[in-house]
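Take a look at the letters that make up each chain.
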Amino acid sequence: MAVEDEGLRVFQSVKIKIGEAKNLPSYPGPSKMRDCYCTVNLDQEEVFRTKIVEKSLCPFYGEDFYCEIPRSFRHLSFYIFDRDVFRRDSIIGKVAIQKEDLQKYHNRDTWFQLQHVDADSEVQIYRKASKQYTGVARGEFPPFPENGRPCSLLPAPPNGRPCSLLPAPPNGRPCSLLLASPNRRLCSLLPASPGTAMRSWCNVNQDADVCAVHGCYPDFTSSQGKVHLELRLSEVITDTGVVCHKLATRIVECQGLPIVNGQCDPYATVTLAGPFRSEAKKTKVKRKTNNPQFDEVFYFEVTRPCSYSKKSHFDFEEEDVDKLEIRVDLWNASNLKFGDEFLGELRIPLKVLRQSSSYEAWYFLQPRDNGSKSLKPDDLGSLRLNVVYTEDHVFSSDYYSPLRDLLLKSADVEPVSASAAHILGEVCREKQEAAVPLVRLFLHYGRVVPFISAIASAEVKRTHPQAGARGQALLRLHFRVPRRQTLSPSPFPRDPNTIFRGNSLASKCIDETMKLAGMHYLHVTLKPAIEEICQSHKPCEIDPVKLKDGENLENNMENLRQYVDRVFHAITESGVSCPTVMCDIFFSLREAAAKRFQDDPDVRYTAVSSFIFLRFFAPAILSPNLFQLTPHHTDPQTSRTLTLISKTVQTLGSLSKSKSASFKESYMATFYEFFNEQKYADAVKNFLDLISSSGRRDPKSVEQPIVLKEGFMIKRAQGRKRFGMKNFKKRWFRLTNHEFTYHKSKGDQPLYSIPIENILAVEKLEEESFKMKNMFQVIQPERALYIQANNCVEAKDWIDILTKVSQCNQKRLTVYHPSAYLSGHWLCCRAPSDSAPGCSPCTGGLPANIQLDIDGDRETERIYSLFNLYMSKLEKMQEACGSKSVYDGPEQEEYSTFVIDDPQETYKTLKQVIAGVGALEQEHAQYKRDKFKKTKYGSQEHPIGDKSFQNYIRQQSETSTHSI
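As a convention, each chain's residues are numbered from 1 in the sequence order in which they are written. For this predicted model, a pLDDT threshold of at least 70 governs which residues receive local features, and a threshold of 80 or more governs which side-chain atom pairs are given and counted, while totals over whole chains, interfaces and linings are taken from all residues. In computing side-chain values, all of the structure's heavy atoms are included and hydrogens and water are not.

1. Re the overall build of the protein chain
Helix and strand counts for the protein chain come out as 18 helices and 32 strands. Taken across its 964 residues, the protein chain has 52% of its residues classed as buried. For the protein chain, restricting intrachain contacts to residue pairs at least 6 apart in sequence, the fraction spanning at least 24 positions comes to 69%. Summing over all exposed atoms, the protein chain offers an accessible surface of approximately 45,800 Å²; the carbon and sulfur share of this is 50%. Runs of H or I in DSSP of at least four residues are treated as helices and runs of E of at least two as strands, each being numbered from the N terminus. Exposed residues in this analysis have more than 50% of their type's maximum accessible area, buried residues have under 20%, and partly exposed residues fall in between, with area computed by a 1.4 Å probe over protein chains only. Throughout, a residue-residue contact means that at least one pair of heavy atoms, one from each residue, lies within 4.5 Å. In short, Shrake-Rupley with a 1.4 Å probe defines the accessible areas, and a residue's cover is counted only from the protein chains shown.

This is the structure:
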């Protein structure tokens, strides 16, 4: 999702690897160990949560997370929680990285010290208590600790009857909605998970570890927001002739305030503070909005001299004003007895009025200062992270035409090493950097197969065991080989079984193509088998040294054999479902390898199996969470089982002649004897023949429903019954390629189903409709279904995938209503009829293929950024082509890392690339200059406190040589 900015689209994305934590503080109990998990937050909105690592003070997570960021943010934060079955999970510490600092840690493993989490500095993590309650009988609250920790849990009766010890709600009615979950023993007075908003007084959280009662601690789902403020200092002469100076402070409005437990009832306090005075005033409470329009003015006397003389007055004023400040605190008015929630503050010294008597600006709310508290970050341990934050600034398509056309004709360039795409792979530090945008660009324009065929054929040619004089010259350009040194043994692999095993541009491009085009195929093939293995949880350890007490080696071997058979047959019978683009690539690999190694009859199989088994299926079996086959890492026993299955399937697919020798472990060689039958080799060859045959028939049109996405969300009742209540309920949503359904809980029969062909549009729902964030609507012929996702990233994912699967529906709408139909009219256009046509155009269409949602201009912008980043290498490569020493005299070491088959053609391409990159760099620089002239610090777009914009201002004073 891009942010439009005067013809330029801004895309933000982040890829995070959460490694491990170490030296966490021990638990103050007998065991000392903790059960820890880590969350990823955009500001304070949780967007990802790792698995729980039990009984460890040095938990290893090893989890990856990627998301497109659909909104602006200020901090990327990580919280380490300690799960507690007796009370709310406690926060051990946090790591908060400001947006402008993300580039400092770009793609580097970094250890971060965990910082203390302070109630006020976090702004919206905890609520500050204003009163303590000591009783637990007759509806009174249990004690509320001063240290901000949650209340203790109350036992829930085993029969599921209501918990009678809970307090009565403010309306005086008894608490009768809290039931014991069938598989839980305890109920909590606290929300079970920080990312789940609860909107009734009592609410059972069915997918959490405890039952949760709404109302004891807040649950926030947004950043701190911003405030529009005006100050005016005026001179007033009273009736008695005394001159005084009054300060008028106007609170105009706020935007983006935090949502607290699903609602926001904000008010502001305005305080004039100085060394010897503090005067506070308060606005009215604005109900059910996080964008309140206050427009209230408060007056404060700044000076009060007894008699007026110009000299004494100004001396007194200057001294006094310098020491005064206006402090604005934002609060959420709570209906509970624990006090109002602090949302943030801002402090403005009256020095700002020295230049002018009036001042107006937007401010970001800030956390409250810790004051003089001394914190020791070393006491909390540290967290290892690898963060890759990307921000793409994309112009309209015509800006990229020269560079894009140069890239797209790469497959037709002879030799391919002289093409722009191949040159990008040569100058990038890692081939993966170049492969990702190249593959996406070529897929978007339908050129990926000829390009990969060209670079793969070039790689296969380099594996020929007999290289002539021309081959020796080419090898010397790639490797540091003296001219008179023999080339035997060749640095290129001669064994046909090892082709495409290295990290070449060809292998990386094929890997990326399989990830993009084959992910759906991977899920269809492996997910049922992986889920069965995770659920059945049979012991499969076959290493005699690792056997547990009571386990039988023969039984474990049989369990493992059954699992391997299940997975192996799922793979070898899936050939008809393999995507066409993958089949076409495999066909070109097979033909190139067979032509080069005519004496090896099996090379046509090994060239394909090295990708489909070694780089596609085996990694997915080994780490299913990285391929979205499981939500998190599997438990240690299941992980060990999947490792053994992956090893076996990989060996079966390799068609190695000495298969038992392929294993280092003797127990694996013994186990593999089960599969030393010709039927397994025949099945592999038949499968490889099918997926590498050009012109095969398309898959069957009738297919089993495939689950595309599922998870809990909150939906608004559709009012299908005439007198039914239109309230909000938590439901399990499930999307397949046939229908979109919701269920009371996972595994239940669907309560409602929408066929894919009945989805007319999927769009965001304006927040003001229900005063709720992250809502979207699924529009169908009879009514719209209103749904709230858990966070902004999840909402975007659901909107994207629902839009993609319904894109080809013939009756899709072109206009829609961005707000809800309430109280007899549409809130957006006030039309009274519920069947009135929409008032806003639907968002742009997306391609129907779920896996190939690619923005060609964005990928070209990424390639431009890479070329610009490695401009020095481009220039050095240009020197290598133009230098006579490259092909006449002894080779220079600085040029030895480039593959240059044809110096003249390569030089021509380099010249065009550098020109195209330079033109785009000029456009970016001009845009930055124009933007800088138009932008005002303190405006609504760039409020005071926006450090990223402050850095941007500093950059304008220097000569920029990089893109935005």
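2. Some thoughts on the nonpolar core
A general trend in soluble globular proteins is that nonpolar side chains are found buried together. Within the largest apolar cluster, 108 residues are counted, with the highest numbers of intra-cluster contacts made by L526, F586, I612, I645, L688 and F867. With 14 residues, helix α7 (residues 505-536) is the single largest residue contributor to this core. Sequence-distant contacts of L526, defined by excluding residues within four places in its chain, comprise V567, I571, F617, A620, I621 and L629. To form a nonpolar core, buried Ala, Val, Leu, Ile, Met, Phe, Trp, Tyr and Cys residues must be joined to one another through side-chain atoms within 4.5 Å. With 33 residues, the next largest nonpolar core counts L42, F65, F112 and C792 among its residues.

3. Some points on the state of the cysteines
Cysteine sulfur pairs qualify as disulfides if the two atoms are within 2.5 Å. Evaluated as defined, the whole model comprises zero disulfides. In this structure C36 is not part of a disulfide, and its nearest cysteine sulfur, from C58, lies 9.9 Å away.

4. Quick look at the packing of aromatic side chains
Put simply, two rings from Phe, Tyr or Trp (the six-membered ring, in Trp's case) pair if the centres are within 6.5 Å, and we call them stacked under 30 degrees between planes, edge-to-face over 60, tilted for the rest. Overall, the coordinates contain 27 aromatic pairs when judged by the stated rule. Here F671 and F674 contribute two aromatic rings whose centre-to-centre distance is 5.7 Å and whose plane-to-plane angle is 70 degrees, an arrangement assigned as edge-to-face. Judged by relative accessible area, F674 falls into the partly exposed class, the value being 34%. Where F733 meets Y742, the ring centres are 5.5 Å apart and the plane angle is 50 degrees; that geometry is what we call tilted. What makes F733 buried here is its relative accessible area of 0%. Ring-pair connections join several aromatic residues into one group, and the members of that group are F568, F671, Y672, F674, F675 and Y680. Our definition puts a charge over a ring when NZ of Lys or CZ of Arg is within 6 Å of the ring centre and also within 35 degrees of the ring normal. For K22, the ring lying beneath its charged end belongs to W111, and the centroid distance is 4.3 Å. Here K730 stacks its cationic end above the ring of F712, 5.1 Å away from the centre of that ring.

5. Quick notes on the environment of S865
Note that S865 resides in helix α15 (residues 856-869). Here S865 falls in the partly exposed class, since its relative accessible area comes to 24%. Spatially, the C-alpha atoms of S865 and D392 are 8.9 Å apart, while their sequence positions differ by 473 residues.

6. Digging into the packing of helix α10 (residues 603-622) against helix α13 (residues 678-691)
Each packed pair of helices is defined by two parameters, the angle between the axes and the distance between the axes. Axis geometry follows a simple rule: fit a line to the C-alpha atoms, using only the stretch in contact for helices, then measure angles between N-to-C directions, giving values from 0 to 180 degrees. For the pair α10 and α13, the least separation of the axes is 10 Å and the interaxial angle reads 95 degrees. In terms of orientation, α10 and α13 fall into the roughly perpendicular class. Facing Y605, V608, S609, I612, F613 and F617 of α10, the residues of α13 in contact are V684, K685, F687, L688, D689 and I691. Side-chain classes are defined by residue name, with Ala, Val, Leu, Ile, Met, Phe, Trp, Tyr, Cys and Pro counting as nonpolar, Asp, Glu, Lys and Arg as charged, and the others, Gly among them, as polar. Of the residues contributing to the contact of α10 with α13, the split by class is nine nonpolar, one polar and two charged. Throughout this description, any angle smaller than 35 degrees is read as roughly parallel, any larger than 145 degrees as roughly antiparallel, any in the 65 to 115 degree range as roughly perpendicular, and the remainder as oblique.

7. What about the sheet that holds strand β18 (residues 325-332)?
We treat two strands as partners when DSSP finds at least two bridges between them. Strand order in this open sheet of four strands is β16-β15-β18-β19, and the pairing throughout is antiparallel. Each edge of the sheet is formed by a strand with only one pairing partner; in this case those strands are β16 (277-282) and β19 (341-349). Averaged over all adjacent pairs, the angle separating strand axes in this sheet is 20 degrees, with direction ignored. In this sheet, β16 lies alongside strand β15 (residues 266-274) in antiparallel orientation, the contact comprising six bridges. Bridge pairing links T269 to K282 in β16.

8. Digging into helix α17 (residues 903-934)
With 32 residues, α17 ought to run about 46 Å at 1.5 Å a step, and its terminal C-alpha atoms sit 47 Å apart, in line with that. Pairs of N or O atoms are called polar contacts if they sit within 3.5 Å, as long as, within protein, a hydrogen donor faces a hydrogen acceptor (for residues adjacent in sequence, only side-chain-to-side-chain pairs). N-capping of α17 is provided by D902, with a side-chain oxygen placed 3.2 Å from the backbone N of Q904. Any helix carries an expected span of 1.5 Å times its number of residues minus one.

9. With respect to the pattern of salt bridges
Any Lys or Arg side-chain nitrogen found within 4 Å of a carboxyl oxygen on Asp or Glu counts as a salt bridge. Under the counting rule described, the total for this entry stands at 40 salt bridges. Note that R347 is salt-bridged to E345, the shortest N-O span being 3.2 Å. The closest approach of N and O atoms between E677 and K679, which form a salt bridge, is 3.9 Å. Note on E677: relative accessible area 40%, which makes it partly exposed. Through salt bridges that share partners, E68, D392, R440, R858, E859 and R862 make up one connected network.

10. Description of the pairing of strand β28 (residues 784-788)
Counting buried residues along β28, five of its five residues qualify, which places the element largely inside the surrounding structure. Here β28 shows no split at all, with A784, Y786 and Q788 on one side and L785 and I787 on the other all buried. Direction of pairing for strand β22 (residues 707-716) relative to β28: antiparallel, over a ladder of two bridges. Among the inter-strand pairings, I714 is bridged to a residue of β28, identified as Q788. With five bridges connecting them, strand β27 (residues 775-779) and β28 associate as antiparallel partners.

11. Quick look at the sheet that holds strand β3 (residues 36-42)
Across the sheet, which stays open at both edges, the four strands sit in the order β4-β3-β6-β7 with antiparallel pairing between neighbours. Strands with a single pairing partner mark the edges of an open sheet, and in this sheet they are β4 (45-49) and β7 (90-98). Recorded for the sheet is a direction-independent mean angle of 25 degrees between the axes of neighbouring strands. Bridge count for β3 against strand β6 (residues 75-82) is seven bridges, and the pairing is antiparallel. Within β6, the residue paired with C38 across the bridge is I80.

12. Here we look at α15
Between the first and last C-alpha of α15 there are 20 Å, a value that for 14 residues agrees with the 20 Å anticipated at 1.5 Å per step. With 12 of 14 residues buried, α15 lies mostly within the body of the structure. One side-chain oxygen at the N-terminal end of α15 lies 3.1 Å from the backbone nitrogen of D857; it belongs to D855.

13. Points about the packing of α10 against helix α11 (residues 636-654)
Between α10 and α11, the least distance of the axes is 9 Å, while the angle of their chain directions is 170 degrees. The orientation of α10 with respect to α11, classified from their angle, is roughly antiparallel. For the pair formed by α10 and α11, the contact residues are T606, S609, F613, L614, A618, I621 and L622 on the first element and L642, T643, I645, S646, V649, Q650, G653 and S654 on the second. Class assignment of the residues belonging to the contact of α10 with α11 gives a composition of eight nonpolar, seven polar and no charged.

All quantities given are derived from atomic positions and should not be read as evidence of function.
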